Amino acid sequence: MSFSSKIKEEILKTDCRNKNCSLAFVAGISAFSLSVEEGSVKFSVDSEDMGKKISFLCKKLFSINDGEIVKSSSGTVGRSYALSYDGYCAETILKGLSLKNSLEEGYIENDITAFLNPDEQRFFIMGAYLGGGFMIDPEKTYHLEFVSKRERALDELSSMLDAFGEIPKRVRRDKYIVMYLKNYDSIENILNIINAHKCMMSLANIKIEKEQKNELNRINNFEIANIGKTTEAANKIIEDIENIMYTVGLDALPDNLQEIALLRLANPDESLAKLASLSGLSRSGVNHRLKKISEIARELE
């Protein structure tokens, strides 16, 4: 099951607290998945369970019969089922969402002024995610979006999200309009708002794992860079020692410098700390003597 499907599964398990929350929930779904077709209304849904949940709520809210749930062979990509109502039931659902709606004209909107408290707004956003939400696997990237052909649906949702401090961006994708968030904190906030707490915890764990992996990579890169610098410095001092050896000979060096020069030649890949351990000197003492050797080599050039 995809991460996005797990979010929807959590939402479907959430019980609506009261009639207004139930209406907000259905309104959120309607904004993104309800369409009017030849005197009927149809909810395009992802699963039979989603269709049953909507049908149950509509029956309670509008005192109508259960809708017909059928497996859909066409329509919105990724939508496998359709919940349909016609005649009186269809008209009742539309008028229950907003008196401006019309079955004849195919006009759909929600009276979002009816949803003023945070609980109702949360349930509207839950419904909106069921109707048009999607989240990419956070293992790959942080991206949560709501997709609709109707600008008004996104306007309705945007007003709800704004109440929780979230202002998503919008972009057109072919014939659809996409409202999206790519910031981890915003996505975490949305998951909390829509009661997808298990997915929110999974997201947090993925973030921790990513940060640990990035930190490990940073340390490894740092160590590789340091090894590269150490090797480069060692090669340069060996080159200086060899220049002295082939011009005036190492015997021309003072005993203390001759000793460290021979130690470096015998241990070309060791760090300064290791040379210090082998020589009985401090690290700074070894470094000082190697610098003196380099100065003598430059004088002989």
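Scroll up for the structure.
Position numbers for residues count from 1 along each chain, tracking the sequence in the order it is written. The model is predicted, so local features are restricted to residues of pLDDT at least 70 and side-chain atom pairs to those at 80 or more, both for listing and for counting; the totals for chains, interfaces and linings are taken over all residues. Side-chain measures here rest on the full set of heavy atoms in the structure, leaving out hydrogens and waters.

## Regarding the nonpolar core
We apply this condition: Nonpolar cores are built from buried Ala, Val, Leu, Ile, Met, Phe, Trp, Tyr and Cys residues. Side-chain atoms within 4.5 Å join them into one set. Each residue is assigned to one of three classes by its accessible area relative to the maximum for its type, calculated with a 1.4 Å probe on protein chains only: buried under 20%, partly exposed between the two thresholds, exposed over 50%. The numbering of helices and of strands both runs from the N terminus, where a helix is a DSSP run of H or I of at least 4 residues and a strand a run of E of at least 2. Whether two residues touch is decided by their heavy atoms; if any such pair falls within 4.5 Å, the residues are in contact.
Formed by 67 residues in total, the largest nonpolar core has its most connected members in Ile7, Phe43, Tyr85, Leu191 and Ile194. Element by element, the count of residues in this core is highest for helix 2 (residues 19-33), at 9 residues. In contact with Ile7, other than residues within four places in its own chain, are Tyr129, Met135, Leu191, Ile194, Ala196 and Cys199. Core analysis: the second largest hydrophobic core is formed by 17 residues, Ile237, Ile244, Leu272 and Leu290 among them.

## Focus: the layout of surface pockets
The condition is simple: A cavity, in this analysis, means grid points on a 1 Å lattice covering only the protein atoms where a 1.4 Å probe fits yet has no way out; a pocket is instead an open set bounded by protein on both sides within 12 Å along at least five of seven lines, and a residue lines either one if it has an atom within 4 Å of a point. Grid points are joined across faces, edges and corners, and a volume is the space filled by probe spheres set on the points. Think of it as three bins: nonpolar holds Ala, Val, Leu, Ile, Met, Phe, Trp, Tyr, Cys and Pro, charged holds Asp, Glu, Lys and Arg, and polar takes everything else, Gly as well.
Space inside the second largest pocket adds up to approximately 330 Å³. Looking at the second largest pocket, it is lined by 16 residues, and the ones nearest its centre are Ala233, Ala234, Leu272, Asn287 and Leu290. Those elements giving two or more residues to the lining of the second largest pocket turn out to be helix 8 (197-247), helix 10 (272-279) and helix 11 (283-300). Counting residues per element, the lining of the second largest pocket draws most heavily on helix 8, at 7 residues. A per-class count over the lining of the second largest pocket returns 6 nonpolar, 5 polar and 5 charged.

## Considering the pairing of strand 4 (residues 81-86)
Formally: At least two DSSP bridges between two strands are needed for those strands to be called paired.
Judged from the 6 bridges that link them, strand 2 (residues 40-45) and strand 4 form a sheet pairing that is antiparallel. Its bridge partner being in strand 4, Val41 is matched across the sheet by Tyr85.

## Some points on unusual backbone geometry
A positive phi angle, near 55 degrees, is found at Ser63, a position not held by glycine. Looking at the secondary structure, you find Ser63 in the loop between helix 3 (48-62) and strand 3 (68-71). The backbone phi angle of Asn195 is positive, close to 70 degrees, even though this residue is not glycine. Examined against the element boundaries, Asn195 turns out to sit in the loop between helix 7 (184-193) and helix 8.

## Details of the pattern of salt bridges
The cut-off we apply is this: Whenever Lys or Arg places a side-chain nitrogen within 4 Å of a carboxyl oxygen from Asp or Glu, that contact is recorded as a salt bridge.
What the rule picks out here adds up to 11 salt bridges. Here Glu145 makes a salt bridge to Arg173, at a shortest N to O gap of 2.9 Å. Taken together, the residues span a long stretch of sequence, with Glu145 in strand 6 (residues 144-148) and Arg173 in strand 7 (residues 169-173) at a distance of 28 residues. With a relative accessible area of 6%, Glu145 lands in the buried category. Assessed through its relative accessible area of 39%, Arg173 is described here as partly exposed. In this structure, the salt-bridge partner of Glu151 is Arg170, at a minimum N-O distance of 2.5 Å. Linking Glu151 in helix 6 (residues 151-162) with Arg170 in strand 7, this pair joins segments that are 19 residues apart in sequence. Relative accessible area serves as the criterion here: at 37%, Glu151 is assigned to the partly exposed category.

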